[in-house]
Structures are given as structure tokens and as C-alpha cells.
Amino acid sequence: MKLIVIIPAYNEAATIGTVLARIPWNIPGVHEQEVVVIDDGSVDGTGEAARKAGATVVSHSENRGLGKAFATGVEETLLRQGDVMVILDADNQFDAADIPRLIQPIVEGKADFVSASRFTKENSVSHIPLYRVVGNKFMAAFLNLASGRSFSDVSCGFRAYSREALFHLNLFGNFTYTQEALLNLHFKGLRLHEVPVKVVYFPGRKSHISASIPRYLLQTLKIIFRTILDYRPLIVFGGVGASLFGAGAILDGVMVLVYLNTGQFSPYISVGIVGIVLNMFGLFLIVVGLLADMLNRIRHNQERILYLEKKQMYDRERRF
């Protein structure tokens, strides 16, 4: 297998050399290896530091966000005919020496996607901010509810993707990609695994992504909700619509009982009006859910065509 290690970096000149030096070579099952740093518009000399450390550098002319840097990494991996892509943070919080363990399930043909996990019982984390623990638990609970899976870490930036997984990925978020990629591959039926790793958080260091916690939560929830809406529209619209219709039906039932007992609707006419409004709005959302589900089937066909076109294009280049 050919391994491509992708490192998105934004103003990480101080740590990029250390990260690159820790990347292992001569990994079992890997016959060829490249390291590519995606310099996302850094202004501190990150790209030059990475070149001096021996990495190939692909630069964005301006800061486009982690989601775009990840997309560039996927494209570079496929263009370079990689069989496995590892995505690794540039801030040295993860130990690149864990790459062999991370890719092992893919090398053995047991997984299409492997995420490092910072929050398993057998793992320990140094100096992790409390907001990261709470935020990850909240996000994990939300994604697990949506997917029916049991992920312990849904925001980790240390992951491995098989070539097949990369062909399937179609992401739209600029801000981040971690939750969207996980849901995207889950809904497409790919094999997802987690591997516990150790991680070190440096006291006082601020993340470029989560420097503003409210903004991070808002942007991440927007991406998650949009992804769920794309792949499970009938559950979202239909579930809300059925709930509203059910609430309206209860109010309608109350009005019927009032009429049977008193022979009139007064003084509860407003209850009946609210019930009818809920019925109508609930039915409307159910119809929207049915229409969205029809569009979702078209989307599945389009994504299948896109998958086959990408596979044909990149594999043709691979043959020649």
C-alpha cells in the first residue's frame, strides 16, 4: 500500500518540524510513503519550515478553513495514487508514531475509516481543557443518537481513510470536516473503527478552530444538522411533523370530549384552533419530508455516479 500523510497547517511554524520528525517510515504493509503539508494561508513561514523538514507543501493563497484544507488533502492523496490517507494535526498534540496502529485495520482489510480516540477508558489525556471534554461528549451523544453508533470521539483530527473511503467522501463544510466526514461515511455503509491514542494538550495553547467556543459549537452543529438532513430528511421532517400532528390530535380530542359533555365548544374554541393549526403544520412537514426523501434518492444516485466517475478517473491515471 502507498501511504499519504496529510498535515493541514495554519501558522504552525513552531511545531511543524517536530511533527514531521516524528512520522515513522518502514511501516508494515506500506511499500511507499509521502508526506504533504497543506499550508492554509499561513503568514509565519509554516510552508518554508515544512519544506526544510523534507515535506511536500501545497499552499492556499489565503486561509480557507480546515474543511477546505482537508478537501485539498483528499485530492492530493488521490492524485498521488495513495491507498491510505492519514490526516494529522500540525500542533504536535498527537504522536505521529501512532500512525502504524491507526492504519492497521485498513491495511488488514478490516476497516475503511479509522479515527483515533482521545476519550476511551484505556486512554489518558494530559492538560485537556474541560470544555473540550464536555463539548466532545455532547457532540458524540448527538451523533450517536443520529447514527445509532457508539463513537467515543467525533472531533478528533487524527484519522485514516482508505482509498475507497476517499472516493465516497463528498463534503461541503469549510469550517471543519470531522463530524461531517464521519456521518457521510456511516450513512454510506462503510466500515468505521476507533483506535485509542494518547494526546498531550499544552497549557495555554489555543486552537485555531475552537478559539471561540460559541462559534465552534454553532458552526459544528450547523454542519451536523445539514448532513443529517441530507441523508435522513424523512426522519427529521417526518418526525417533527408527526409530533406536531400528534399534539394537535390531542387538542382535537379534548375539544371532542368537551363537545360531547357540554354540547358546545365554548369556552375552549382557542384550544381547537391551536389543534387545527398544529394538524395542518404537521401534515405540511410530513409532505415536505416525503418530497425531501424523493430528492434524497436522486442524491444517492448522483453520489453513486460521482463515486464511479472519480474512481474511473483516478484509477485510469493509476494504470498509466
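Before any of the text, the structure's been laid out above.
Because the structure is predicted, anything quoted here is derived from the model rather than measured. (Residues numbered from 1 in each chain as written. Predicted model: local features only at pLDDT ≥ 70, side-chain atom pairs only at ≥ 80, totals over all residues. Heavy atoms only, no water.)

A. Inspection of the sheet that holds strand β7 (residues 159–162) at higher detail. One open sheet accounts for seven strands, arranged β3-β2-β1-β4-β7-β5-β8; its pairing is mixed. Taken across any chain shown, the strands that pair with only one partner, and hence form the sheet edges, are β3 (56–60) and β8 (192–196). Here the strands of the sheet are splayed against their neighbours by 20 degrees on average, with no regard to which way each runs. Pairing of strand β5 (residues 113–117) with β8 involves five bridges; the strand directions are parallel. Opposite Phe 113, over in β8, you have Leu 192 as the bridge partner. Lying over the sheet, helix α3 (residues 66–79) contacts β1 (2–9), β2 (32–40), β3, β4 (84–87) and β7, oriented at roughly 150 degrees with respect to β2. (Pairing = 2+ DSSP bridges. Helix = DSSP H or I, 4+ residues; strand = E, 2+ residues; numbered from the N terminus. Axes fitted to C-alpha atoms, helices over the stretch in contact; angles between N-to-C directions. Contact = heavy atoms within 4.5 Å.)

B. Inspection of a nonpolar patch on the surface at higher detail. A contiguous nonpolar surface patch, about 800 Å² in accessible area, is contributed by Val 256, Leu 257, Tyr 259, Leu 260, Phe 265, Ile 269, Ile 273 and Val 277. Secondary structure elements with two or more residues in the nonpolar patch: α9 (233–262) and α10 (269–319). A total of four residues in the nonpolar patch trace back to one element, the largest contributor, which is α9. Secondary-structure assignment places Tyr 259 in helix α9. A residue is classified by how much of its surface remains accessible, and Tyr 259, at 41% relative accessible area, is partly exposed. (Patch = residues over 30% accessible without salt bridge, like charges linked within 9 Å, V, L, I, M, F, W, Y side chains within 5 Å. Areas by Shrake-Rupley, 256 points an atom, 1.4 Å probe, with all protein chains shown as cover. Salt bridge = Lys/Arg side-chain N within 4 Å of Asp/Glu carboxyl O. Buried < 20%, exposed > 50% of the residue type's maximum accessible area, 1.4 Å probe, protein only.)

C. Just the side chain of His 168, in detail. With respect to the helices, strands and loops of the structure, His 168 is situated in helix α6 (residues 163–168). If we ignore the near neighbours within four places in the chain, the residues touching His 168 are Asn 184, Leu 185, Lys 188, Leu 190, Glu 303 and Tyr 307.

D. The arrangement of the environment of Ala 53 in detail. Note on placement: Ala 53 falls in the loop between α2 (46–52) and β3. With 37 residues separating them in the primary sequence, Ala 53 and Ile 16 have C-alpha atoms 8.3 Å apart. Not counting chain neighbours up to four residues away, the residues in contact with Ala 53 comprise Gly 17 and Leu 20.

E. Quick look at unusual backbone geometry. Here the residue pair Ser 266 and Pro 267 is connected by a cis peptide bond, since its omega of 5 degrees sits within 30 degrees of zero. For Pro 267, the location among the structural elements is in the loop between α9 and α10. Of note in the backbone geometry, Asn 11 takes a positive phi value of approximately 55 degrees without being a glycine. Along the polypeptide, Asn 11 turns up in the loop between β1 and α1 (13–22).

F. Region of the structure containing the packing of aromatic side chains. The final tally for this structure, using the stated rule, is seven aromatic pairs. Seen from their ring centres, Phe 281 and Phe 284 are 6.3 Å apart, and the 15 degrees between their planes marks the pair as stacked. Here Phe 281 and its partner Phe 284 are both found in helix α10, three residues apart, which amounts to about one turn of the helix. By relative accessible area, Phe 281 is classed as partly exposed at 42%. (Phe/Tyr/Trp six-rings, centres within 6.5 Å; stacked < 30°, edge-to-face > 60°.)

G. Seen up close, helix α4 (residues 99–107). The set of residues buried in α4 consists of Ile 99, Leu 102, Ile 103, Pro 105 and Ile 106. All buried residues of α4 lie within an arc of 140 degrees about the axis, which places them on one face of the element. Buried residues belonging to α4 abut β1, β4, β5, β7 and β8. Gly 109, located one to two residues past α4, shows a positive phi value of around 75 degrees. (Arc of directions from axis to C-beta.)

H. View of the pairing of β2. Within β2, eight of the nine residues are buried, which leaves it mostly tucked inside the rest of the structure. Where β1 lies against β2, eight bridges are found, and the strand directions are parallel. Within β2, the position partnered with Lys 2 by the bridge is Glu 32. In this fold, the crossover linking β2 to β3 by way of α2 has right-handed handedness. (Right-handed = clockwise from strand over helix to strand, strands pointing away.)

I. How the structure looks around α9. The first and last C-alpha atoms of α9 sit 43 Å apart over 30 residues, in line with the 44 Å expected at 1.5 Å per residue. Considered for burial, the residues of α9 that qualify are Pro 233, Val 236, Gly 238, Gly 241, Gly 248, Met 255 and Val 258. Of the residues trailing α9, Gly 263 is marked for its positive phi of about 75 degrees. (Expected span 1.5 Å × (residues − 1).)

J. Fine view of the side chain of His 186. Locating His 186 in the fold gives a position in helix α7 (residues 178–187). The class for His 186 is buried, based on a relative accessible area of 15%. In contact with His 186, other than residues within four places in its own chain, are Ser 147, Arg 149 and Leu 192.

K. Main features of the pairing of β1. Among the eight residues that make up β1, eight are buried, leaving the element largely enclosed by the rest of the structure. Of the two faces of β1, the one lined by Lys 2, Ile 4, Ile 6 and Pro 8 and the one lined by Leu 3, Val 5, Ile 7 and Ala 9 are each fully buried. In this fold, β1 hands off to α1, which returns the chain to β2; that crossover is right-handed. Bridge count between β1 and β4: four bridges; the pairing is parallel. If you follow Leu 3 over to β4, its bridge partner there is Val 84.

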